[in-house]
Amino acid sequence: MTAKLEVALDAITLNNAVTLISKIQNDIDIIEVGTPMMMAYGMDAVRTFVKQFPQLEVLCDTKIMDAGAYEAQLALSAGADYVTLLALSDDITIKEVTDAAHNAGSLVMVDMINDRDPQRVATLQAIGADIVAVHTGVDAQSAGRTPLDDLRELRPLATEAQVAVAGGIKADTVASYLVDEPDIVIVGGGILNAKDPVAAAAAIHRQIIGGAR
Ligand SMILES: O=C(CO)[C@H](O)[C@H](O)COP(=O)(O)O
């Protein structure tokens, strides 16, 4: 199965993001309304992408920690195909968000940021989480960390859930991540901050297709 490419729209205006997606739409599968974009534009950002790019999936990086059903519903009502929450959340919250997403015909991605306990994966799967995301945050990246070792450790444990990986992945490093066969590759700065974002998206997509399992 070929991994999906998700572009994370974090520090970018909504207008510039729409322009960018229109240029790279054939190289990506999932548009991520990043947490910073969600803070800046709210659910209008989700509605914009759902309306303008109906052929692509939209993930709202809600990073929910509490008030699960209510917060998830905001993004789901706007048309999000995926919502995210933190693995550090209470199991009750994980269940609430999972149920809300499934009732809407959407999926839940659980973000393992700052939670490197691989044993958590079994609980997340038992609750019904669809995707677990190995994630080295932007701040941790500045200390030289990458999600590669975490992906290697977690991949075999995800026997039911899909696996996503995020955290500083770029065109010249994506190949090392594909070795462990993630289901979703999330790239933000590696496209948005590239000298040529369109070429970067195409280069990453080519490698994903080339490494199709
Ligand atoms: O969720 C995020 C930050 O919390 C980012 O969207 C994610 O890390 C991908 O961006 P980048 O490729 O720039 O690391």
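An account of the accompanying structure is given in this report. If you're wondering where the values come from, they're calculated on a predicted model, not measured in any experiment. (Residues numbered from 1 in each chain as written. Predicted model: local features only at pLDDT ≥ 70, side-chain atom pairs only at ≥ 80, totals over all residues. Heavy atoms only, no water.)

## Some words on the overall build of the chain
The number of helices and strands found in the chain is eleven helices and eight strands. By the compact-globule yardstick of 17 Å for 213 residues, the chain fits well, its C-alpha radius of gyration being 16 Å. Along the first, second and third principal axes, the C-alpha atoms of the chain reach 45 × 35 × 35 Å. Here the chain, with 213 residues, has 53% of them falling under the buried criterion. Pairs at least 24 apart in sequence give 65% of the contacts found in the chain among residues at least 6 apart. As displayed, the chain has an accessible area near 9,500 Å², and 51% of this comes from carbon and sulfur atoms. With 15 positive and 29 negative side-chain charges, the chain shows a spacing of 6 Å between the two charge centroids. (Helix = DSSP H or I, 4+ residues; strand = E, 2+ residues; numbered from the N terminus. Rg over C-alpha atoms; globule rule 2.2 N^0.38 Å. Buried < 20%, exposed > 50% of the residue type's maximum accessible area, 1.4 Å probe, protein only. Contact = heavy atoms within 4.5 Å. Areas by Shrake-Rupley, 256 points an atom, 1.4 Å probe, with all protein chains shown as cover. Lys, Arg positive; Asp, Glu negative; His and termini not counted. Charge placed at Lys NZ, Arg CZ, Asp CG, Glu CD.)

## Section: the site of the ligand
Looking at the ligand, there are 13 residues lining it, with Asp10, His135, Gln141, Gly188 and Gly189 nearest. In this structure, an oxygen atom belonging to the ligand sits 2.8 Å away from a main-chain N or O atom of Gly188. At 2.9 Å from an oxygen atom of the ligand is found a main-chain nitrogen or oxygen belonging to Gly189. A total of 360 Å² of accessible area belongs to the ligand in isolation, and the protein chains cover 88% of it. Here the ligand is seated within the largest pocket. (Near = heavy atom within 4 Å. Polar contact = N/O pair within 3.5 Å; in protein donor to acceptor, adjacent residues only side chain to side chain. 1 Å grid on protein atoms, 1.4 Å probe; cavity = no way out; pocket = protein on both sides within 12 Å on 5 of 7 lines; lining within 4 Å. Sits in = over half its atoms within 2 Å of the grid points.)

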